Amino acid sequence: MQPDKLSSETNAYESALSEQPTAEDYVLRLFVTGSTPRSARAIQNLRAICDEQLSGHYDLEIVDIYQHPEQAKPEQVVVMPTLIKSLPLPVRRIIGDLSNQQRLLAGLDIVHRSAGHPEPGRGR
Amino acid sequence: MQADTALITKSEAPNALPKAATGIQGLDEVTFGGLPRGRPTLICGGPGCGKTLLGMEFLVRGATQFDEPGVCISFEETAEELSRNVASLGFDVDALVAGGKLAIDYIFIERSLIEEAGEYDLEALFVRIAHAVQSVGAKRVVLDSIEALFSGLSGESILRSELRRLFRWLKDQNLTAIITAERGEGSLTRHGLEEYISDCVILLDHRVTESVFTRRLRIVKYRGTTHGTNEFPFLIDSTGFSVLPVTSLDLNHSVSEERVSTGVASLDDMLAGQGYYRGSSVLVSGKAGTGKSSLAAHFVNAACARGERCIYFSFEESEQQVVRNMRSIGIDLEQWIERGLLQFRAIRPTTLGLEMHLVRMHAIINRFDPRIVVIDPSTAMLNSSSELETRNMVLRLVDFLKSRQITALLTTLTDNDDSVDQSGMNISSMVDAWLVLQEVESSGERNRGIFVLKARGTAHSNQIREFLLTGHGVELRDVYLGREGMLMGSARLFQEAKDASEAALLRQDIESKELLRERKRRAIEAQIAALQLELESEEQETQRLIAHQELERKQLEEDQLAMARSRSVNVGASEDNGSKGRMAGGRK
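Parameters and conventions
- Residues numbered from 1 in each chain as written.
- Chains lettered and ligands numbered in written order.
- Predicted model: local features only at pLDDT ≥ 70, side-chain atom pairs only at ≥ 80, totals over all residues.
- Heavy atoms only, no water.
- Pairing = 2+ DSSP bridges.
- Helix = DSSP H or I, 4+ residues; strand = E, 2+ residues; numbered from the N terminus.
- Axes fitted to C-alpha atoms, helices over the stretch in contact; angles between N-to-C directions.
- Contact = heavy atoms within 4.5 Å.
- Buried area = accessible area lost by both parts, 1.4 Å probe.
- Salt bridge = Lys/Arg side-chain N within 4 Å of Asp/Glu carboxyl O.
- Polar contact = N/O pair within 3.5 Å; in protein donor to acceptor, adjacent residues only side chain to side chain.
- Nonpolar A, V, L, I, M, F, W, Y, C, P; charged D, E, K, R; others polar.

Pulling in residues and values, what's your account of the sheet that holds strand β6 (residues 114-116) of chain B?
Taken in spatial order, the five strands line up as β2(A)-β1(A)-β3(A)-β4(A)-β6(B) in an open sheet, and their pairing is mixed. Each of the sheet's edge strands pairs with one partner strand only, and the pair in question is β2 (58-64) of chain A together with β6 of chain B. Across this sheet, the average inter-strand angle for adjacent strands is 20°, counted without regard to direction. In terms of strand pairing, strand β1 (residues 26-32) of chain A meets strand β3 (residues 82-87) of chain A through five bridges, oriented antiparallel. Residue pairing for β3 of chain A: V27 of chain A is matched across the bridge by L87 of chain A.

In structure tokens form, the structure reads like this:
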């Protein structure tokens, strides 16, 4: 059984190294339009929440569709800014400048919509 | 297309609004050239009225006919669905997409999957449109139905201002755009898009009247240009959209001097020996079974033999039926159908509304480009519509055919016995030539007669001819005209025989009369001879008497002389003779 144990440990180590997301990690993509005030605000708001609530357990990609217009189509992005949470499931889209924190948290399934107050941690 | 350009140059000032031709049948005519170039056009209408198809046809035709690539931003159907839907109209969207002539972007917004957390804008939509436009170098854009945004996103005020920006942006990009929108209650569109798109608004409509479905198109607004203001019926069929323009305003058909044979030599003779004018409309009216279709078949047959394309619209008989029936009079129409010269369209009049029929016929004629069109019978339309409407439709059709220099032969079925003027629908004033087929019933049989009631610009015969349907086609015969009036068929034959026998009788009569006269003459001559004889004998008698009298007088003289001598009296004293005689007598 030793090789198994060893390999699992190695795997855990490697995944931690490469920061490959596991099922517990968040995969987020934020689509913005250059450095417009609204986009800048969205990035700021998202970063703040992520650092506060997800502390390292997230993978955030910021896509400037001015630079990569072809990326908007496959992800069905229509409004700006759009945040897509592809993991954990279900996939969710959150639009707007993310200034409404409560809705953002609800959209990220960090808090249940019914829950009145934000809950720390990443349970769902 | 040439006709369209002619229309535009005629009705528009030289510095008129630039337009982008749609290539859609009829639409360019009613808009006098197409949609406003570089501006958005709003197409609104209820569900199923053909907004998407109109948009797609605009793009496909733009890409194929005008070398203007296009982009379709679809909010309702995926690219696959769209391409499958318009494939039924003969458009190969996939090939156009592969060839870089068309880009389709499907935009999907599902409200339940979206969490709104703050202010947003539609910049991504702009980017996507711009990207698609750039990828194919598009000149045309269709946004089908952008109103889906309203159901997918909340914050109507944001959407409104964003849409306003979008339309502005489309204009700045100089894109000719079609924006479709659902019709709303009491307004043109559900979300009032007409407020933002004010250059051109086209309303599509479909309604069912008397169980008949009719699609109609109306240009509500077209800023800066003239446009047709009526409701135009339109059709969506296997080749796409066709809008039927109303009758052109002026009568300026070009006129041809060329003649086309009627297909019946003796009928050509009745029409100055040459037949109908090319591009004219000919009406053949008559009761059931008078041979209208046969005459039409002759015309078609002759035209096909000359290599001209013909369309035969039949509203009462199927193709096979007509072909079989015409074979019985020696006309083989099948060979022309096989060679692609003759197109046969058997349409049941009640299947479509009147205007739909008209639009469909328009579309068929435009596609086949025939030189001759037969409509048999044009009165069949009366079944589904009022006389006035039918008449209008026939008028429009005749007008259209004339403008295309197509010779038209219309038959009308009449049911009125006594009046030859009865053309069924009083369309006679619209046609150039009118042949009347009459039926004459006498002595237990029906015969057909034909005459030319009118033929504009042609010295035509005023005679009624007998119209015979024989195993080798139509034949015209001179009818019998005599004391008994006009006779045909066996009555004509009978009358001819009767005349012959009457003539013989008369001849005999004359002969016997002559004989009689001769006899009488002889009798009279005999009488004359007898009388002469009598006269002669009487003369002889008289002479005999005269001679007798002379003789007696001489005798008397001699006696007296002798007596005197015997009494020795002086013979010279003749005056004494008497006294002497008396004396002598007294002595006795």
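And the narrative resumes.
Can you break down the interface of chain A and chain B residue by residue, with the values?
Between chain A and chain B, the contact holds 28 residues from the first and 24 residues from the second. For the pair chain A and chain B, the summed buried surface comes to about 2200 Å²; carbon and sulfur atoms form 54% of the total. When the buried area of chain A at its contact with chain B is split by residue, Q76, V78 and I95 of chain A rank highest and sum to 28% of it. Run the count over chain A and chain B and you get four salt bridges. The shortest N-O distance in the salt bridge between E115 of chain B and R103 of chain A comes to 3.9 Å. Where chain A packs against chain B, one counts 18 residue pairs in polar contact (both at pLDDT 80 or more). Broken down by secondary-structure element, the contributors of at least two residues to the side of chain A that touches chain B are α2 (37-54), β4 (92-95) and α3 (101-107) of chain A. Looking at the side of chain A that touches chain B residue by residue, the classes come out as 13 nonpolar, six polar and nine charged. With three bridges connecting them, β4 of chain A and β6 of chain B associate as parallel partners.

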